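Notes for the structure review
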Amino acid sequence: MKTTKPYNTNFGVLSNLKHDIPAGIAVFLVAVPLCLGIALASGAPLFSGLIAGIIGGLMVPLISHSALGVSGPAAGLAVIVLTAIQELGFETFLLALVVAGIFQTALGVAKAGIIGYFFPSSVISGMLAGIGIIIFIKQIPHALGYDRDYEGDLSFFQVDGYNTFTELAHILNFITPGSVIIALVSLLILILWDLPVMHKHRIFKVLPGSLIAVLSGILISQLLRIYYPEMTLATQHFVSIPVAQNSADLLNQFTFPDFSQLNNPQVYLTALTLAIVASLETLLCVEAADKLDVNKRVTPNKRELIAQGLANSASGLIGGLPITQVIVRSSANIQAGAKTKAAAFVHGLLLLITVILIPALLNLIPLACLAAILFVVGYKLAKPALFIKMYKTGMYHFIPFVATILGLVLTNLLLGIGIGLVIALLCVLLENYKVSGYYHEEHEDKTIIIRLSEQVSFLNKANILRTLDNIPGHSKVIIDATNSRYIDYDVYEIITNFKAEAKSKDIQLQVINLNGYGSLEPATKMSGKAK
């Protein structure tokens, strides 16, 4: 667990603008397609993704003490948002987001930033990998140019008679060649841009692959319109951002929460889910970003949760998506040479300028191009290296990891996480069953010595009981609790019951320093040896 130290103010904002402004521009170029793409994956208006990016860029840096973290809409929440919008409607979902922000702020005030340490890493990794797989699957229709019922139903078995995979086979009858070409070219560019050999050239470091993919998608769509009219993409295959004619028109484009649904219990369940998952994702990103900071500044978790909570409530109030600190943009910020949180603010300011001045340019972006970007996002969340890493950690981590993924893909997000947590708990119990909580040795004179460890909990109960039951009659047994600082009552009761059983089995039993159950003072070391 990391310790929080005061925010380092030695790195002045003004003195580092020469580094932060170029870094902010680089992050902006990465953020534009991601904001649009995540809104697309969430089944929300694309404008809502930009709203979240703007608030994450302008509001969070003013409150947060994260030096290099960048906040905005997160792919890890896309599936939750999609489910909520389908079940509640967009305006009611926005109300849930406002409430989620209040919950998240309360978590920060209550110093609940440590909650991330109590969720098994196997389940968190499985959740993110499962979300990556779902994002990947849900973008296949866009890549093929099919926009009717393209998200389908998040449950594995769908109301239209198809399941997650037969739905994909169904859309093969509605392929748009132009979308396929754009998706393939965009995906090829993104793959090439990520090759290590490309990073040796400065231009590939300055220009993000997502920007080049977007520009290529626009160019291809325009060339198809001019030279191959029969392959021209229809209006529904492009980004659709409202174009404001004046300031009043711009204000009318915002969507506001439906406060009449405050008595709807589903709103609070959705809000709690959003608050917990957003907090976990933020805390994980904070850890990662702090590790990448060459100056090793530590972000206070309490302050970060408060900043994220206030930003989420603000985003919900004007029609935006949930916000978290995000590792893709944070790592891009660090790699671009950012020194302070001014870089994140610059990226938010550029997003705001884009929405106000050039929204028509964004409407030239094909959805197939965003689908390719999200293919890469989904792949990075569920890349094969992650499966290999989890497998090497052992079965007790790998099984909950896989169970969480299968639960997400084959049922839904909440049930999938629940399945993962239950499996993880069972694995913990099995692991503790094997870890006995004591050291068992036998001497040449057949004396059995059982030395209890420092902490003996109820999880060790089954193993200790099994060991005592298997001791043969007419044995010499020493149970030594000298080093124990805590003995659970269940274990204490087993040992005291064994005293009576030992007499019936003619077992010579000696119990040393078993002072009781609960918190024990360090006992004096056992003197002498068993005879």
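Since this is a predicted model, take the numbers as computed values, not measurements.

We now examine the overall build of the protein. Counting its secondary structure elements, the protein contains 22 helices and nine strands. Classification of the 531 residues of the protein by burial places 52% in the buried group. Summed over all atoms, the accessible surface of the protein reaches about 24800 Å², with 65% contributed by carbon and sulfur.

Moving on: helix H15 (residues 342-357). Taking 1.5 Å per residue, 16 residues should reach 22 Å; H15 reaches 22 Å between its end C-alpha atoms and fits that length. Those residues of H15 that sit buried are Ala 342, Ala 343, Ala 344, Val 346, His 347, Gly 348, Leu 351, Thr 354 and Val 355. Looking at the buried residues of H15, the elements they touch are helix H1 (17-41), helix H2 (46-58), helix H3 (60-63), strand S1 (71-73), helix H14 (327-335) and helix H16 (359-362).

Enumeration according to the criterion identifies five salt bridges in this entry. Residue Arg 485 pairs with Glu 454 through a salt bridge whose shortest N-O separation is 3.1 Å. Of this pair, Arg 485 sits in the loop between strand S6 (476-480) and strand S7 (486-487) while Glu 454 sits in the loop between strand S4 (447-452) and strand S5 (455-456); the two residues are 31 residues apart in sequence, bridging distant segments of the chain. Note that Glu 501 and Lys 505 form a salt bridge whose closest N and O atoms lie 3.3 Å from each other. We classify Glu 501 as partly exposed; its relative accessible area is 28%.

This next bit is on the packing of aromatic side chains. Counting across every chain of the model gives six aromatic pairs. On the basis of an interplanar angle of 55 degrees and a centroid distance of 5.7 Å, the ring pair of Phe 47 and Phe 254 is categorised as tilted. Here Phe 254 lies in the loop between helix H11 (247-251) and helix H12 (265-292) and Phe 47 lies in helix H2, a separation of 207 residues in the sequence. Ring plane angle 35 degrees and centroid distance 6.2 Å describe the contact between Phe 398 and Phe 401, whose orientation is recorded as tilted. Residue Phe 398 and its partner Phe 401 are located together in helix H19 (residues 395-410), separated by three residues, close to a single helical turn. Side by side, Phe 398 and Phe 401 carry an identical accessibility label, which is buried. One aromatic cluster in this structure is built from Phe 387, Tyr 391, Phe 398 and Phe 401.

What follows is about the packing of helix H4 (residues 78-88) against helix H5 (residues 90-109). Two numbers describe how H4 lies on H5: the axes approach to 7 Å, and their chain directions differ by 125 degrees. For the element pair H4 / H5, the angle class is oblique. Judged by the twist between their axes, the crossing of H4 over H5 is right-handed. Contact residues: H4 offers Val 81, Ala 84, Ile 85 and Leu 88, while H5 offers Phe 90, Thr 92 and Phe 93. Residue classes in the contact of H4 with H5 are distributed as six nonpolar, one polar and no charged.

Here we come to H2. Helix length check: H2, at 13 residues, gives a terminal C-alpha distance of 19 Å against a target of 18 Å (1.5 Å per residue), a fit within 8%. Within H2, 13 of the 13 residues are buried, which leaves the element mostly enclosed by the surrounding structure.

With that settled, the discussion passes to the nonpolar core. Membership of the largest hydrophobic core comes to 96 residues, with the highest contact counts inside it found for Leu 36 and Leu 50. By residue number, the principal contributor to this core is H1, which donates 12 residues. Ignoring sequence-local partners within four residues, the contact set of Leu 50 consists of Cys 35, Leu 36, Ile 241, Leu 351, Val 355 and Leu 362. Counting 18 residues, the second-largest nonpolar core is a separate cluster that includes Val 456, Ile 464, Ile 494 and Ile 495.

Before going further, it helps to spend a moment on the packing of helix H18 (residues 384-392) against H19. H19 packs onto H18 with a crossing angle of 140 degrees between their chain directions and a minimal axis gap of 6 Å. Taken together, the axis directions place H18 and H19 in an arrangement best described as oblique. On H19, the residues touching Leu 386, Phe 387, Met 390 and Tyr 391 of H18 are Met 395, His 397, Phe 398, Phe 401 and Ile 405. Residues belonging to the contact of H18 with H19 are distributed by class as follows: eight nonpolar, one polar and no charged.

Below, the discussion takes up the side chain of Ser 210. Mapped onto the elements, Ser 210 comes out in helix H10 (residues 209-227). The exposure class assigned to Ser 210 is buried, which follows from its relative accessible area of 9%. Residues within four places of Ser 210 in sequence aside, it is in contact with Leu 29, Val 30, Pro 33, Leu 190 and Ile 373.

Our next topic: the environment of Leu 284. Along the chain, the position of Leu 284 falls in helix H12. Sequence separation between Leu 284 and Ile 327 is 43 residues; the distance between their C-alpha atoms is 8.7 Å. Residues in contact with Leu 284, not counting those within four places in the same chain, are Ile 124 and Leu 128.

What follows covers unusual backbone geometry. Non-glycine residue Lys 296 carries a positive phi angle of around 55 degrees. Note on Lys 296: relative accessible area 47%, which makes it partly exposed. You will see that His 474, though not glycine, has its phi angle at about 65 degrees, which is positive. Relative to the assigned elements, His 474 resides in the loop between helix H21 (461-469) and S6.

Attention now goes to the environment of Leu 452. Here Leu 452 lies in strand S4. Spatially, the C-alpha atoms of Leu 452 and Arg 485 are 9.8 Å apart, while their sequence positions differ by 33 residues.

As a further point, take a nonpolar patch on the surface. A contiguous nonpolar surface patch, about 800 Å² in accessible area, is contributed by Leu 62, Phe 345, Leu 349, Ile 353, Ile 356, Leu 357, Ile 358, Leu 361 and Leu 364. Looking at the nonpolar patch, the element that brings in the most residues is H15, giving five residues. Take Ile 358: it is sitting in the loop between H15 and H16.

Looking now at the confidence of the model for the protein. Per-residue pLDDT for the protein averages 83, and the proportion of residues at 70 or more is 87%. Considering only residues more than four positions removed or in separate chains, one finds that residues 1-10, a stretch of pLDDT under 50, has 19 contacts. Here residues 520-531 scores under 50 on pLDDT; set against residues more than four positions off or in separate chains, the count is 24 contacts.

Here the focus is the pairing of S6. Counted residue by residue, S6 has four buried out of five residues, so it is predominantly covered. In the sheet, S4 pairs with S6 via five bridges, with the strands oriented parallel. Residue pairing in the sheet places Ile 450 in a bridge with Ile 479 of S6. Pairing between S6 and strand S8 (residues 508-512): five bridges, direction parallel. Looking at the pairing, Ile 479 lines up with Val 511 of S8.

Parameters and conventions
Position labels on residues start from 1 in each chain and follow its written sequence. It should be noted that, the model being predicted, local features are given only for residues of pLDDT at least 70 and side-chain atom pairs only at 80 or more, the latter also being counted only at that level, while totals for whole chains, interfaces and linings use all residues. Water and hydrogen atoms play no part in the side-chain values, which are based on all heavy atoms of the structure. Here a helix means four or more residues in a row that DSSP labels H or I, a strand means two or more in a row labelled E, and each is numbered from the N terminus. When a residue's accessible area, from a 1.4 Å probe over protein chains only, is under 20% of the maximum for its type it is buried; when over 50% it is exposed; and in between it is partly exposed. Computed with a 1.4 Å probe, the accessible areas rest on the Shrake-Rupley method; for each residue, only the protein chains presented here act as cover. The span you would expect from a helix comes to 1.5 Å times its residue count less one. Note on definitions: a residue-residue contact is assigned when non-hydrogen atoms from the two residues lie within 4.5 Å. Salt bridges are counted wherever a side-chain nitrogen of Lys or Arg sits within 4 Å of a carboxyl oxygen of Asp or Glu. Side-chain rings of Phe, Tyr and Trp, where Trp is taken by its six-membered ring, are said to pair if the distance between their centres is within 6.5 Å; with planes under 30 degrees apart they count as stacked, over 60 as edge-to-face, and otherwise as tilted. Think of each axis as a best-fit line through the C-alpha atoms, taken over the contacting stretch in the case of a helix, with angles from 0 to 180 degrees between the N-to-C directions. Throughout this description, any angle smaller than 35 degrees is read as roughly parallel, any larger than 145 degrees as roughly antiparallel, any in the 65 to 115 degree range as roughly perpendicular, and the remainder as oblique. When the near helix sits turned anticlockwise from the far one by under a right angle, the crossing is termed left-handed; a clockwise turn instead gives a right-handed crossing. Following the grouping adopted for this structure description, the nonpolar residues are Ala, Val, Leu, Ile, Met, Phe, Trp, Tyr, Cys and Pro, the charged ones are Asp, Glu, Lys and Arg, and the polar ones are all others, Gly among them. Working definition of a nonpolar core: buried Ala, Val, Leu, Ile, Met, Phe, Trp, Tyr and Cys residues. They are joined through side-chain atoms within 4.5 Å. Patches were defined on residues exceeding 30% relative accessible area and lacking a salt bridge, with like-charge contacts within 9 Å and nonpolar side-chain contacts (Val, Leu, Ile, Met, Phe, Trp, Tyr) within 5 Å. Along the chain, pLDDT gives the predictor's confidence residue by residue, from 0 to 100. Note on pairing: two strands pair once DSSP finds at least 2 bridges between them.

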